[in-house]
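For reference, the chains in residue letters:
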Amino acid sequence: MEKIKVFVSFDFENDMDYRGILDALCQNENLEVSFEDKGLKRINEWDIEPLQINVLKKINEATHTLVIIGKNANTRHRHEKFIGMRNWINYEINRSKASNNKLVAVKLNSYYTSPPELFRCEVTWADDTAVESIVEALKKA
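Not measured: the values here are computed from a predicted model.

Participant: Talk me through the overall build of the chain; I want residue IDs and the actual numbers.
Facilitator: Scanning the chain for helices and strands turns up 5 helices and 5 strands. Element order for the chain, N to C, with α for helix and β for strand: β-α-β-α-β-α-α-β-β-α. The buried share of the chain, taken over its 141 residues, is 44%. Within the chain, counting contacts between residues at least 6 apart in sequence, those at least 24 apart form 66% of the total.

Participant: Let's hear about helix H2 (residues 48–61): which residues, and what values?
Facilitator: Two residues of an α-helix separated by three or four positions point the same way, owing to the 3.6 residues in each turn. Taking 1.5 Å per residue as the helical rise, H2 with its 14 residues ought to reach 20 Å, and the 20 Å between its terminal C-alpha atoms agrees with that figure. All of the buried residues in H2 are Ile48, Leu51, Gln52, Val55 and Ile59. Here the buried residues of H2 occupy an arc of 100 degrees about the axis, which is enough to place them on one side. Away from the buried face of H2 by more than 90 degrees, exposed residues Glu49, Pro50 and Ile53 are located. The elements touched by buried residues of H2 are strand S1 (4–9), helix H3 (80–83) and helix H4 (88–98).

Participant: Would you mind going over the pattern of salt bridges in detail, with residue names and values included?
Facilitator: One pass over the structure, following the stated rule, counts 5 salt bridges. The partner of Arg78 in a salt bridge is Glu13, with the nearest N and O atoms 3.1 Å apart. In this pair, Arg78 is assigned in the loop between strand S3 (64–69) and H3 and Glu13 in the loop between S1 and helix H1 (20–27), connecting sequence segments 65 residues apart. Of the two residues, Arg78 and Glu13, both sit in the exposed class. Put simply, Lys139 and Glu136 hold a salt bridge, and the shortest N to O gap is 3.4 Å. Taken as a pair, Lys139 and Glu136 lie in helix H5 (residues 131–140) at a separation of 3 residues, close to a single helical turn. A residue is classified by how much of its surface remains accessible, and Lys139, at 32% relative accessible area, is partly exposed.

Participant: For the packing of aromatic side chains, give the residues involved together with the corresponding values.
Facilitator: What the rule picks out here adds up to 2 aromatic pairs. Ring geometry for Trp88 versus Tyr91: centroids 5.5 Å apart, planes at 85 degrees, classification edge-to-face. Of the two residues, Trp88 and Tyr91 are both situated in helix H4; the distance of 3 residues between them amounts to about one turn of the helix. Like Tyr91, Trp88 is buried.

Participant: Talk me through the nonpolar core; I want residue IDs and the actual numbers.
Facilitator: Among the nonpolar cores identified, the biggest contains 12 residues, and these are Ile4, Val6, Val8, Phe10, Leu66, Ile68, Val104, Val106, Ala126, Ile134, Ala137 and Leu138. For this core, the secondary structure elements donating two or more residues are S1, S3, strand S4 (102–107) and H5. Those residues in contact with Phe10 that lie beyond four places of it in its chain are Asp15, Met16, Arg19, Ile68, Ile89 and Glu92. Membership of the second largest hydrophobic core comes to 10 residues, among which are Ala62, Met85, Trp88 and Tyr91.

Cut-offs used in this document
Residues numbered from 1 in each chain as written. Predicted model: local features only at pLDDT ≥ 70, side-chain atom pairs only at ≥ 80, totals over all residues. Heavy atoms only, no water. Helix = DSSP H or I, 4+ residues; strand = E, 2+ residues; numbered from the N terminus. Buried < 20%, exposed > 50% of the residue type's maximum accessible area, 1.4 Å probe, protein only. Contact = heavy atoms within 4.5 Å. Expected span 1.5 Å × (residues − 1). Arc of directions from axis to C-beta. Salt bridge = Lys/Arg side-chain N within 4 Å of Asp/Glu carboxyl O. Phe/Tyr/Trp six-rings, centres within 6.5 Å; stacked < 30°, edge-to-face > 60°. Core = buried A, V, L, I, M, F, W, Y, C linked by side-chain atoms within 4.5 Å.

And the structure:
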């Protein structure tokens, strides 16, 4: 089976705990799908251009982008004008679409608003944050 290479887009400041979702996927040998983590482990947000280059490299290495939508997924980033979009999540979704990555999204709470970059494009939604639900969504995408 072809390996699914996943880039995870999430609010680094507020939702880092949920980054563990992908770690659980990568470590679970009993799943029908193999995962290769293409996400970033750390960022230095003050170096915007090198960070954009690194993000783009990771997105281009991935086949899928998993968007974790937390409470602040639409909050304007303090460096919005340098990022070129509302925040990093929207930037990463935009670049993932340009790279033809399959988009999979999951909301941490059903009331959270989706990032605008997810509108008017094909997205496969995970029912919840359970590993099984995300695996199914990644396989369907």
